[in-house]
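Notes for the structure review
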Amino acid sequence: MPRKAHTESVSDLNAAPGGAAAVDRALSLLSAFQPGDEALTLAQFAERTQLYKSTVLRLLASLEHARLIRRQEDGRYALGAEIARLHGLYAASLSLDRIVPPVLRELVAATGESAAYHVRQEQGDSWARLCLYRVDSSHVVRDHVRAGDLLPNDRGVGARILIAFGPEAERPRGPKERKLYDAIRAQGYCAMVGDRSAELGGISAPVFHADGRLAAALTLTMPAHRYDEGHIEPVRAAARRLTGQV
């Protein structure tokens, strides 16, 4: 029988009524991570949870098996990939439906053109540009894209924003491309005619999470003959409104 700790552990002090002690202890290890922590040692886990190191090791083995914890080469433990997956599900559950479409509708009303909200859709070793939300222009002549459509990840102003403000390692290395993406980041938006299609123009601006990570590209599209640089500021303003809310 394992000996009982002389000092009550964090999980003992915050035990769930009617819950399982082992689960409470495992969750206390995840809660041990604090802002700024990249990884923790066994000793840090034991100190922060007031659990024996032997108990911590057994719990870490289960958490590692579930991909909630990842053991590094230096012997420390970091949060695992399953945390990121669950975070994605949690973020989706926050009902972006109540946040994004109203802003898109206001942008369409102000400009008369079609507005969309584009995100990265991971696909194995690559990614696609997913149109997550779309509000159409009332004009008969417009581009026909629907929510749920996958679009090119290397053409179109929305793709340019996702590249420019996305992972640096994925940006094209050529001098012409570097100059383009440096300019997009410097000005805070991308405006082009004929990039994805010769008949289309577009304006896109980045939307960020509260922690500064790129969330999406907010994009306004229109036929090339209706392209209007006067729509740049409304697009940027709409993106700023969504920043920190998604």
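Reference entry: report on the structure contained in this document. (Residues numbered from 1 in each chain as written. Predicted model: local features only at pLDDT ≥ 70, side-chain atom pairs only at ≥ 80, totals over all residues. Heavy atoms only, no water.)

Brief notes about the overall build of the protein chain
The condition that has to hold: Put simply, DSSP marks the helices as runs of H or I at least four residues long and the strands as runs of E at least two long, and each gets a number from the N terminus on. Both definitions apply: the radius of gyration is a C-alpha atom measure, and the globule rule equals 2.2 Å times residues to the power 0.38. Every residue pair with non-hydrogen atoms within 4.5 Å of one another is taken to be in contact. Note on areas: Shrake-Rupley, 1.4 Å probe, and residue coverage restricted to the protein chains presented here. Positive residues here are Lys and Arg, negative ones are Asp and Glu, while His and the chain termini are left out of the count. A single reference atom marks each charge: NZ on Lys, CZ on Arg, CG on Asp, CD on Glu.
Of regular secondary structure, the protein chain possesses nine helices and eight strands. Over its C-alpha trace the protein chain gives a radius of gyration of 24 Å, far above what one expects of a compact globule, namely 18 Å for 246 residues. Viewed in the frame of its principal axes, the protein chain has a C-alpha envelope of about 80 × 40 × 25 Å. Counting only contacts in the protein chain whose residues sit at least 6 apart along the sequence, the fraction spanning at least 24 positions is 52%. Just so you have it, the protein chain exposes about 14000 Å², and 53% of that area is on carbon and sulfur atoms. Taking the average place of the 32 positive charges on the side chains of the protein chain and the average place of its 29 negative ones, the gap between the two points comes to 2 Å.

Some points on the packing of aromatic side chains
Counted only if it meets this: Any Phe, Tyr or Trp ring, taking Trp's six-membered ring, that has another such ring centre within 6.5 Å forms a pair; planes under 30 degrees apart are called stacked, those over 60 apart edge-to-face, and the others tilted. Relative accessibility thresholds used throughout: buried, under 20% of the residue-type maximum; exposed, over 50%; partly exposed, between the two (1.4 Å probe, protein chains only).
In the structure shown here, the tally under the stated rule is four aromatic pairs. When the ring of Phe-33 is compared with that of Phe-45, the centres are 5.7 Å apart and the planes differ by 80°; the resulting orientation is edge-to-face. In this pair, Phe-33 sits in the loop between helix H2 (21-31) and helix H3 (42-49) while Phe-45 sits in helix H3, placing the two residues 12 residues apart along the sequence. With a relative accessible area of 15%, Phe-33 lands in the buried category.

What about the packing of helix H7 (residues 157-164) against helix H8 (residues 175-187)?
Stated formally: Helix axes are fitted to C-alpha atoms over the stretch in contact, other axes to C-alpha atoms as well, and angles between N-to-C directions run from 0 to 180 degrees. Between 65 and 115 degrees an angle is taken as roughly perpendicular, under 35 as roughly parallel, over 145 as roughly antiparallel, and anywhere else as oblique. Any residue outside Ala, Val, Leu, Ile, Met, Phe, Trp, Tyr, Cys, Pro, Asp, Glu, Lys and Arg is labelled polar, Gly included; the first ten of those are nonpolar and the last four are charged.
Between H7 and H8, the shortest axis-to-axis distance is 9 Å and the interhelical angle comes to 90°. The orientation of H7 with respect to H8, classified from their angle, is roughly perpendicular. Here Arg-160, Ile-161, Ile-163 and Ala-164 of H7 come into contact with H8, specifically with Leu-180, Tyr-181, Ile-184 and Arg-185. Here the contact of H7 with H8 is built from residues that sort into six nonpolar, no polar and two charged.

Notes on the sheet that holds strand S8 (residues 214-223)
Just so we agree on the cut-off: Following DSSP output, two strands are said to pair if at least two bridges run between them.
Strands sit in the order S5-S4-S3-S8-S7-S6 across an open sheet of six strands; the sheet is antiparallel. Unpaired on one side and paired on the other, strand S5 (150-151) and strand S6 (190-193) mark the two borders of the sheet. Two elements, S6 and strand S7 (residues 200-208), share four bridges in a ladder whose sense is antiparallel. Each bridged residue has a counterpart across the sheet, and for Val-193 the counterpart in S7 is Gly-201. In the packing of H7 onto the sheet, the strands contacted are strand S3 (114-123), strand S4 (126-135), S6, S7 and S8, and the crossing angle to S8 comes to about 160°. Most of the contacts of helix H9 (residues 232-242) go to S7, to which it runs at about 25°, and overall it touches S3, S6, S7 and S8.

Observations concerning H8
Under the convention used in this document: Any helix carries an expected span of 1.5 Å times its number of residues minus one.
The first and last C-alpha atoms of H8 sit 18 Å apart over 13 residues, in line with the 18 Å expected at 1.5 Å per residue. Downstream of H8 by one or two residues, Gly-188 has phi in the positive range, about 85°.

Structural notes on the side chain of Thr-221
In plain terms, the rule: Pairs of N or O atoms are called polar contacts if they sit within 3.5 Å, as long as, within protein, a hydrogen donor faces a hydrogen acceptor (for residues adjacent in sequence, only side-chain-to-side-chain pairs).
As for its placement among the helices and strands, Thr-221 is situated in strand S8. Within the structure, the side chain of Thr-221 is placed 3.0 Å from the side chain of Asp-143, a separation counted as a polar contact. Sequence-distant contacts of Thr-221, that is, excluding residues within four places in its chain, are made with Glu-113, Ser-114, Arg-134, Asp-143, Gly-201 and Gly-202.

What about the pattern of salt bridges?
To keep things clear, this is the line we draw: Here, a salt bridge means any Lys or Arg side-chain nitrogen found within 4 Å of an Asp or Glu carboxyl oxygen.
Under the defined criterion, the tally for this structure stands at 18 salt bridges. Across the salt bridge formed by Asp-37 and Arg-48, the nearest N and O atoms sit 2.7 Å from each other. With Asp-37 in the loop between H2 and H3 and Arg-48 in helix H3, the pair connects residues that are 11 residues apart, well separated along the chain. Between Asp-211 and Arg-213 there is a salt bridge, with its nearest N and O atoms 2.7 Å apart. Using a relative accessible area of 53% as the deciding quantity, one classes Asp-211 as exposed. Since its relative accessible area comes to 41%, Arg-213 is described here as partly exposed. The network of salt bridges with shared partners includes Arg-134, Asp-136, Arg-142, Asp-143 and Arg-196.

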